[in-house]
Amino acid sequence: TSKNPDIDKWVAKQNPDCIIIDEAHRMIGRKTQTTEALMRLGRSTNNRIALTSTPAAAKPWDAWTILHWLRPDLFSSYWKFIEDYCNIVYKYGNGAHPIPIAIRKDKEITLQKVLNTFCIQHKRKDIMPWAEAPEPISVRLELNKDQLKAIESIQQYFEYRHIVCFGVLDSL
């Protein structure tokens, strides 16, 4: 990509039937050099496969970049994707700037169906039936007043599931 800025031109000359990218989750940020280079590569063919174990590693809307690479005809606009699936807050300064903060509760199932259209997931038990699942470990920590206040303020803005939080380490 940045090491060989003309790789997309070389690939296009090869007239590939399909392009497969591994570690597709590295296409985080729709305006990064890596993403822009992969978007150019994707124009070389209509057949694309993206491999990753974490399609949206940090934020759910990071999946848009991969979906756009796979099907730019269906996922042409980042902001339409954000409006359709995300809760938005506005940052004010030089105008209002929308910032996605969470997946809309009423769109979770719809978004999961969209992702299921493009994703195949293998469970550990299917791939490695001989490997035992790790046992969860619970650690109870006491919160001080400031930590309790911080957690309570966060809980009013964000939805949380599958995580039981009894405390926060001071070092975090």
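Residues numbered from 1 in each chain as written. Predicted model: local features only at pLDDT ≥ 70, side-chain atom pairs only at ≥ 80, totals over all residues. Heavy atoms only, no water.

**Side note on the packing of aromatic side chains**
Within the structure shown, the criterion is met by five aromatic pairs. Ring centres of Phe75 and Phe118 lie 5.8 Å apart, and the angle between their planes is 65°; this geometry places the pair in the edge-to-face category. With a gap of 43 residues between them, Phe75 in the loop between α3 (63-70) and α4 (78-85) and Phe118 in helix α5 (residues 108-118) connect regions that are remote in the sequence. Classification of Phe75 by relative accessible area gives buried; the value is 10%. (Phe/Tyr/Trp six-rings, centres within 6.5 Å; stacked < 30°, edge-to-face > 60°. Helix = DSSP H or I, 4+ residues; strand = E, 2+ residues; numbered from the N terminus. Buried < 20%, exposed > 50% of the residue type's maximum accessible area, 1.4 Å probe, protein only.)

**With respect to the pairing of strand β4 (residues 95-103)**
When strand β3 (residues 86-93) meets β4, the two strands line up antiparallel, connected through eight bridges. Along β4, the bridge assignment pairs Tyr92 with Ala96. Remark: one residue form the turn of the hairpin made by β3 and β4, two consecutive strands paired antiparallel. (Pairing = 2+ DSSP bridges.)

**Section: the confidence of the model for the protein**
Keep in mind that low pLDDT regions are not for reading the predicted coordinates in detail. For the protein, the mean per-residue pLDDT works out to 79, and 85% of the residues sit at or above 70. Averaged pLDDT values over the elements of the protein bottom out at 76 in helix α6 (residues 124-127) and peak at 92 in α4. (pLDDT = per-residue confidence, 0-100.)

**Let's talk about the side chain of Thr65**
One can find Thr65 in helix α3. Excluding anything up to four places from it in sequence, Thr65 contacts Met27, Gly29, Arg30, Thr35 and Met39. (Contact = heavy atoms within 4.5 Å.)

**What to know about the packing of helix α2 (residues 33-42) against α3**
As a packed pair, α2 and α3 sit with axes 9 Å apart at the nearest point and diverge in direction by 20°. Classified by the interaxial angle, the pair formed by α2 and α3 is roughly parallel. Judged by the twist between their axes, the crossing of α2 over α3 is right-handed. Contacts between α2 and α3 pair Thr35, Leu38, Met39 and Gly42 from the former with Thr65, His68 and Trp69 from the latter. By residue class, the composition of the contact of α2 with α3 is three nonpolar, four polar and no charged. (Axes fitted to C-alpha atoms, helices over the stretch in contact; angles between N-to-C directions. Parallel < 35°, antiparallel > 145°, perpendicular 65-115°, else oblique. Left-handed = near helix turned anticlockwise from the far one by under 90°. Nonpolar A, V, L, I, M, F, W, Y, C, P; charged D, E, K, R; others polar.)

**Some thoughts on the environment of Ile49**
Position of Ile49 relative to the elements: it lies in strand β2 (residues 48-50). Residue Ile49 is classed as partly exposed on the basis of its relative accessible area, which comes to 37%. Residues Ile49 and Phe118, 69 residues apart in the sequence, show an inter-C-alpha distance of 9.4 Å. With residues up to four places along the chain from it excluded, the contact list for Ile49 reads Cys18, Ile19, Ile20, Ile21, Trp69 and Leu70.

**Points about the environment of Lys105**
Within the fold, Lys105 resides in the loop between β4 and α5. Residue Lys105 is classed as exposed on the basis of its relative accessible area of 52%.

**What to know about a nonpolar patch on the surface**
A cluster of nonpolar residues, Ile20, Ile49 and Leu51, forms a patch on the protein surface that exposes about 260 Å² of accessible area. Relative to the elements of secondary structure, Leu51 occurs in the loop between β2 and α3. (Patch = residues over 30% accessible without salt bridge, like charges linked within 9 Å, V, L, I, M, F, W, Y side chains within 5 Å. Areas by Shrake-Rupley, 256 points an atom, 1.4 Å probe, with all protein chains shown as cover. Salt bridge = Lys/Arg side-chain N within 4 Å of Asp/Glu carboxyl O.)

**Regarding α5**
Turn by turn, an α-helix covers 3.6 residues, leaving residues three or four places apart pointing in a common direction. When α5 is considered as a whole, its buried residues turn out to be Leu111, Val114 and Leu115. All buried residues of α5 fall inside an arc of 95° around its axis, so they share one side. Away from its buried face by more than 90 degrees, α5 exposes Ile109, Lys113 and Thr117. Against the buried residues of α5 lie α3, α4 and β4. (Arc of directions from axis to C-beta.)

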